[in-house]
Amino acid sequence: MITCPKCSKENQDHYKFCLGCGAELPREAAPKKFAAGTPPQGVPAARPNFGDEATAVGPGPLARAAAASAQAAASPAPAAEPMAFTPVPAASSAATGKSVPPPGDGATVVCGQCHSPNPSSNKFCALCGFKLTGKAQSIPAPAASPAAPAASPSGSIALTALRADGTEAGGHTIQGTMTVGRDSGSIFAGDSYLSPRHATFTRRGAKAFVKDESSLNGVYRKLRRDEPVLIQPGDIFRIGQEIVRLETLNPVPVTADGVERLGSPSKGYIGRIAMIIGRDTTGNAFPVPETGLHMGRERGDILFPEDGYVSGLHCQLAYQNGRLYLIDLGSSNGTFVRLYSETEIGEGDVLLMGQQLFRIAL
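What counts, and where the lines are drawn
- Residues numbered from 1 in each chain as written.
- Predicted model: local features only at pLDDT ≥ 70, side-chain atom pairs only at ≥ 80, totals over all residues.
- Heavy atoms only, no water.
- Helix = DSSP H or I, 4+ residues; strand = E, 2+ residues; numbered from the N terminus.
- Buried < 20%, exposed > 50% of the residue type's maximum accessible area, 1.4 Å probe, protein only.
- Contact = heavy atoms within 4.5 Å.
- Areas by Shrake-Rupley, 256 points an atom, 1.4 Å probe, with all protein chains shown as cover.
- pLDDT = per-residue confidence, 0-100.
- Pairing = 2+ DSSP bridges.
- Axes fitted to C-alpha atoms, helices over the stretch in contact; angles between N-to-C directions.

Peer 1: Any chance you could explain the overall build of the protein here in plain terms?
Peer 2: A tally of regular secondary structure across the protein gives zero helices and 26 strands. By residue count, 49% of the 362 residues in the protein fall in the buried class. A sequence separation of at least 24 residues applies to 55% of the contacts in the protein between residues at least 6 apart. Summed over all atoms, the accessible surface of the protein reaches about 17200 Å², with 52% contributed by carbon and sulfur.

Structure (structure tokens):
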């Protein structure tokens, strides 16, 4: 917890602004030590049973080509930090999987600046520090869903929307095959980052599948902690508010008259990652060496010091046997990989669509 030096109110340890007075909170003074590089023993093997919670086993690592995944369970995020993804298109809320009663009278106040929901007891927005008056509007919190039970009716898929603190914010039950999006109403209607037809869910016997319907902002699935997931050039993943794409390093051919272009040597690098900052627009790019790299807010080879939703040491790219793997290192807010073709989903999986997280029950 961070104690506000101005009003002495305790705040969760990654908040940027005090919930009581709106003052900017101090940052940690001494970052922890970091040892870079892939461990000599290589990438850790996939573990059949993962997580702190006794959930049913669901599908495992994601693959862009979408062969059916091995079995896995959704990674329960530590309950200390809320999720990054609620206020902006590159962000949403966290899935702790634990039901916590909403604070105060059960109502939320929508921030007039970033449109993030806050408990009605907050005077200032926990995400941007904006004073919750004037343009902010109090709305009743949706009931914690008899419509989204812990287990869905037989032969259906239950989607439970999750708030920033991990509490449930309503649910939607799918029978057979159904396409959901902003036009579906229900828990999807108020999310302007959902496409009108965003994703199709299908139940086939004991299995369930999701397919992105060419939505603008995509469908992502949360990775399990310490579980290597194969990624390929063109794949996109998200940490905190950062959207990252893996790209190839293509040598520039000689010109027609046989002149070679000067440039730094690419020997020892297997690709690069580029920050997506807009539609068809990338920002900074970083080469990925054969030794791999780490990403985080305080420790790692690539740092995002201004993103409070990236953990101190968040994730790793590891190269082994000619393949590149993405590994979540126990981050509080999770690492998400975008799904391309129809992909199997399982009990307890967490999907990110638009600004919302949805927990799956079968």
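What follows picks up the thread again.
Peer 1: Would you explain the confidence of the model for the protein in this entry?
Peer 2: Reading fine detail from the predicted coordinates is not recommended where pLDDT is low. Residues of the protein with pLDDT of at least 70 account for 69%, and the chain-wide mean is 76. Confidence, read as mean pLDDT per element, is least for strand S3 (residues 58-59) in the protein (34) and greatest for strand S23 (residues 335-338) (98). Under a pLDDT of 50 for its full length, residues 46-105 has, in the predicted model, 188 contacts with residues more than four places off or in other chains. Counted against residues more than four places away or in other chains, residues 134-150, with its pLDDT under 50, gives 37 contacts.

Peer 1: Explanation requested: the sheet that holds strand S12 (residues 207-212) in the structure shown.
Peer 2: The strands making up a sheet are joined through hydrogen bonds of the backbone, oriented either antiparallel or parallel. Ordered in space as S10-S11-S12-S24, the four strands form an open sheet in which the pairing is antiparallel. The sheet is open, and its two edges are formed by strand S10 (177-180) and strand S24 (343-345), each paired on a single side. Going across the sheet, the axis of each strand differs from the next one's by a mean of 30 degrees, ignoring polarity. When S10 meets strand S11 (residues 199-204), the two strands line up antiparallel, connected through four bridges. Bridge assignment links Val 180 to a residue of S11, and that residue is Ala 199.

Peer 1: Could you clarify how one ought to interpret the pairing of strand S22 (residues 323-328) in this entry?
Peer 2: Strand residues, when the strand is regular, have side chains that alternate between the two faces of the sheet. S22 sits mainly inside the fold: five of its six residues count as buried. By the bridge criterion, three bridges tie strand S14 (residues 229-231) to S22 in an arrangement that is antiparallel. What sits directly across from Leu 230, in S22, is Tyr 325. Pairing geometry for strand S21 (residues 315-320) and S22, over six bridges, is antiparallel. Opposite Gln 320, over in S22, you have Arg 323 as the bridge partner. Linkage of S21 to S22, two consecutive antiparallel strands, is achieved through a turn of two residues, within which Asn 321 is found at a positive phi near 55 degrees.

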